[in-house]
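# Structural features, examined
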Amino acid sequence: VDLSAQIANMKVNNLFLNASGIHCQTEAELDDLMHEPVSGAMVTKSMTPQSRFGNPLPRYYRLANGSINSMGLPNEGFDYYMDYLKNHEQIKPVIVSVAGRSKEEDLEMLHTLQDDDRYQGLTELNLSCPNVIGEPQMAYDFPSANDLLKEVFSFYKKPLGIKLPPYFDLVHFDQIAEVLNQYPLSHVNTINSIGNGLWIDVNSETVVLKPKGGFGGVGGAMVLPTALANVRGLRQRLNPSIKIIGTGGVTNGRDAFAHILCGAEMVSIGTQLYEEGLGTFERVTRELTDIMEAKGYQSLADFRGKLKVIE
Ligand SMILES: O=C(O)c1[nH]c(=O)[nH]c(=O)c1Cl
């Protein structure tokens, strides 16, 4: 089964990877992902220049068919992850996720990556964290996103992708695609969690998360329709050279198959991976392979992007 992804020329033997934020903050977690035998790549927790504790707890809550989180960008800081890459053999490609809390922080980290000759990896600029108190999601501000990308690509020459929030209006697909198509992006990763949901414990009449009065990003099975729409909508609008990592709502092989039908090159697993553990990769890969065999597909290319509409 041909699984080589053309994302920044990554040659992988499996299309699955963790969603950023899941099992990828500490050296121990990153080692688990590096040595996990099935997944074809991995991504770090989005990093900021300095380490951060993040938002007060409770900040993650499991729902019947998903999750809600207001982590607030907890991470060990940029240098920690650069040291990790220098001190660990890359058995699989490691996508470095950066999420500055300002344009200046994004540029600072990207300049450092550009100027580090030893760093030849794929970077993902997270423009969609919904949980930093007081910070907007940059990717919902099209002019600002364009200004940032114009400045980034004036100096950044290594492979770079963008982590996008979900959009909910076809005009917004048009507008973000118009911005992104101007730049030599490796990929977009869509979707991030659906920002600022709210979950309530009716018994106690109380929210379940402490930060932001309980508002947090929603993920897991319930966001699959939004994730599929964003993968499909962007695939239809982005230059073919910009690949798509499909993220959101993947719990089994059928969900992954649907993401690929919409045009995903690789598929990230978040909430399900967190709740079920790293064995998720083997199970979902087996389920997807079974579906492909039942349909007579030899490779992902046989059906990638070939979603049919009703004429
Ligand atoms: O609160 C977080 O750390 C977080 N949570 C998310 O659901 N998406 C993100 O991009 C980030 Cl950065």
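Notes on the structure in this doc start here. (Residues numbered from 1 in each chain as written. Predicted model: local features only at pLDDT ≥ 70, side-chain atom pairs only at ≥ 80, totals over all residues. Heavy atoms only, no water.)

## A word on a nonpolar patch on the surface
Heads up, the rule is: What makes a patch is a set of residues exposed beyond 30% relative accessible area and free of salt bridges, joined within 9 Å when like-charged and within 5 Å when nonpolar (Val, Leu, Ile, Met, Phe, Trp, Tyr). To be clear on the numbers: accessible area is Shrake-Rupley with a 1.4 Å probe, and residue cover counts the displayed protein chains and nothing else. For salt bridges, the criterion is a side-chain nitrogen of Lys or Arg within 4 Å of an Asp or Glu carboxyl oxygen. Relative accessible area decides the class of each residue, using a 1.4 Å probe on protein chains only: under 20% of the type maximum gives buried, over 50% gives exposed, and in between gives partly exposed.
Taken together, the side chains of Leu198, Ile200, Val202, Val207 and Phe215 present a nonpolar region at the surface, about 420 Å² in accessible area. Take Ile200: its relative accessible area is 42%, and that puts it in the partly exposed class.

## Notes on unusual backbone geometry
To keep it simple, the criterion reads: Secondary structure elements are taken from DSSP: a helix is a run of H or I of four residues or more, a strand is a run of E of two residues or more, and numbering for both begins at the N terminus.
The peptide bond linking Leu57 to Pro58 adopts the cis configuration, its omega dihedral lying at -5 degrees. Residue placement: Pro58 occurs in the loop between strand S2 (42-43) and strand S3 (60-63). Its identity as a non-glycine residue notwithstanding, Ala8 has a phi of 45 degrees, on the positive side. Relative to the assigned elements, Ala8 resides in the segment before strand S1 (16-18).

## Some words on the site of the ligand
What counts is decided by this rule: Distances are taken per atom, and a residue is near a molecule or strand as soon as one of its heavy atoms is within 4 Å of it. Polar contact is the term for a pair of N or O atoms within 3.5 Å; when the atoms are in protein, one must be able to donate a hydrogen and the other to accept it, and sequence-neighboring residues count only if both atoms are side-chain atoms.
Taken together, Lys45, Asn69, Met71, Gly72, Leu73, Pro74, Asn126, Cys129, Pro130, Asn131, Asn192 and Ser193 make up all the residues around the ligand. The side chain of Lys45 places a nitrogen or oxygen atom 2.7 Å from an oxygen atom of the ligand. Note that an oxygen atom of the ligand is positioned 2.9 Å from one of the side-chain N or O atoms of Asn131. Protein chains bury 92% of the 310 Å² of accessible surface belonging to the ligand in isolation.

## Side note on the sheet that holds S1
This is how the line gets drawn: Paired strands, as defined in this entry, are two strands with at least two bridges between them according to DSSP. Only heavy atoms enter the contact rule, under which two residues are in contact if any of them lie within 4.5 Å. Axis angles are defined between N-to-C directions and span 0 to 180 degrees, where every axis is a line fitted to C-alpha atoms and, for a helix, only to the segment in contact.
Sheet architecture is open: eight strands sit in the order S1-S14-S13-S8-S7-S6-S5-S2, paired in parallel fashion. Each edge of the open sheet carries a strand with a single partner, namely S1 and S2. Across the sheet, helix H6 (residues 224-237) touches strand S8 (187-190) and strand S13 (243-247), and the angle it forms with S13 is around 175 degrees.

## Observations concerning the packing of aromatic side chains
Put simply, the test is: Within 6.5 Å between ring centres, the rings of Phe, Tyr and Trp (the latter by its six-membered ring) count as paired, and their orientation is classed by plane angle as stacked under 30 degrees, edge-to-face over 60, tilted in between. Only when the NZ of Lys or the CZ of Arg is both within 6 Å of the ring centre and within 35 degrees of the ring normal is a charge said to sit over the ring.
Per the counting criterion, the structure on display carries nine aromatic pairs. Ring geometry for Phe155 and Tyr156: centres 6.5 Å apart, planes at 85 degrees, overall edge-to-face. Each of the two residues, Phe155 as well as Tyr156, counts as buried. Taken together, the ring pairs connect Tyr140, Phe142 and Tyr167 into an aromatic cluster. Here Arg59 stacks its cationic end above the ring of Phe53, 4.8 Å away from the centre of that ring.

## Focus: helix H2 (residues 78-87)
Residues spaced three or four apart along an α-helix point in a common direction, a consequence of the helix completing one turn every 3.6 residues. Note the cut-off: Taking the helix axis as origin, the arc is that swept by the directions to the C-beta atoms.
Of the residues making up H2, those classed as buried are Phe78, Tyr81, Met82, Tyr84 and Leu85. One side of H2 carries all its buried residues, which in axial view fall inside an arc of 155 degrees. Away from its buried face, by an angle of more than 90 degrees, H2 presents the exposed residues Asp79 and Asn87. Looking at the buried side of H2, the elements it contacts are helix H1 (27-35), strand S5 (94-98) and helix H3 (103-115).

## So, the sheet that holds strand S12 (residues 215-219)
Sheet architecture is open: four strands sit in the order S3-S4-S12-S9, paired in antiparallel fashion. Only two strands of the sheet have a single neighbouring strand rather than two, namely S3 and strand S9 (194-198). Adjacent strand axes in the sheet meet at a mean angle of 35 degrees, parallel and antiparallel pairs treated alike. Here S9 pairs with S12 via three bridges, running antiparallel. Residue Ile194 lies in a different strand from S12, and its bridge partner there is Val218.

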